[in-house]
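Residue-level structural notes
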Amino acid sequence: MFRTIAGYCEWVGVVALLLAMLATVIDVLGAKLLALPLRGALEVVSYAQAIALSAGLAMALYAKRHIRVDFLVENLTSGLRRALKVSVALLSLALLGILCFYTLQNAASLYRAGQVFSTIALPVYPFVLAFALFLWVAALYFLDELWAALRERA
């Protein structure tokens, strides 16, 4: 179930990446050919990249596209391997939980302050909220891993 959610988030990331690319192309072509750059292109590209990165994180974890050092773990006994999996899942859940919490606090602060992009007057907090949401989805992967490690026989 969590993998399906991560798959939907991955598509959000793809759309955000396409938006960043489109904004860059329009900005460069507009500035070079028409002397009319796209206003707010830098902000749109920056936040779209942050959304693309965070939205794709969970699916990258599920697809095992992240860096792992398996040759050390393979030589451990099954009990130690299980303990390591549980420890890594718990630490990762804690880290992502802390990151999500402080990102939500930041979004609330940006909302209260009325922070907007400097050139296009678009509110910043929805992008930060989306980032927190995608961190939470990545945390679901580690919840899955924790559950699998706890069910595994030593």
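Residues numbered from 1 in each chain as written. Predicted model: local features only at pLDDT ≥ 70, side-chain atom pairs only at ≥ 80, totals over all residues. Heavy atoms only, no water.

**Quick word on the overall build of the protein chain**
Counting secondary structure elements, the protein chain contains five helices and zero strands. Listing every helix and strand of the protein chain by position from the N terminus yields α-α-α-α-α. Against the compact-globule benchmark of 15 Å for 154 residues, the protein chain has a radius of gyration of 20 Å, which places it well outside the compact range. If you line up the protein chain on its principal axes, its C-alpha atoms span 65 × 35 × 25 Å. Across the protein chain, every contact between residues at least 6 apart in sequence was considered, and the portion connecting residues at least 24 apart equals 75%. (Helix = DSSP H or I, 4+ residues; strand = E, 2+ residues; numbered from the N terminus. Rg over C-alpha atoms; globule rule 2.2 N^0.38 Å. Contact = heavy atoms within 4.5 Å.)

**Points about the confidence of the model for the protein chain**
A residue-level look at the protein chain finds 99% of positions with pLDDT of 70 or above and a mean pLDDT of 91. Of all helices and strands in the protein chain, the one with the weakest mean pLDDT is helix H3 (residues 70-73) (79), whereas helix H4 (residues 78-113) scores best (95). (pLDDT = per-residue confidence, 0-100.)

**Some words on a nonpolar patch on the surface**
Residues Trp11, Val14, Leu17, Leu18 and Met21 make up a contiguous nonpolar surface patch of about 520 Å² in total accessible area. With respect to the helices and strands, the residue valine 14 is situated in helix H1 (residues 2-33). (Patch = residues over 30% accessible without salt bridge, like charges linked within 9 Å, V, L, I, M, F, W, Y side chains within 5 Å. Areas by Shrake-Rupley, 256 points an atom, 1.4 Å probe, with all protein chains shown as cover. Salt bridge = Lys/Arg side-chain N within 4 Å of Asp/Glu carboxyl O.)

**Section: the packing of aromatic side chains**
In total, this model carries seven aromatic pairs according to the counting rule given. Between the aromatic rings of tyrosine 47 and phenylalanine 127, the centroid separation amounts to 5.5 Å while the plane-to-plane angle is 50°, which identifies the pairing as tilted. You can see tyrosine 47 sitting in helix H2 (residues 41-62) and its partner phenylalanine 127 sitting in helix H5 (residues 125-151), a full 80 residues away along the chain. Residue classification places tyrosine 47 among the partly exposed positions, given a relative accessible area of 27%. Residue class for phenylalanine 127 comes out partly exposed when judged on its relative accessible area of 25%. Each member of the aromatic cluster is reached from another via a ring pair, and the members are Tyr47, Phe117 and Phe127. (Phe/Tyr/Trp six-rings, centres within 6.5 Å; stacked < 30°, edge-to-face > 60°. Buried < 20%, exposed > 50% of the residue type's maximum accessible area, 1.4 Å probe, protein only.)

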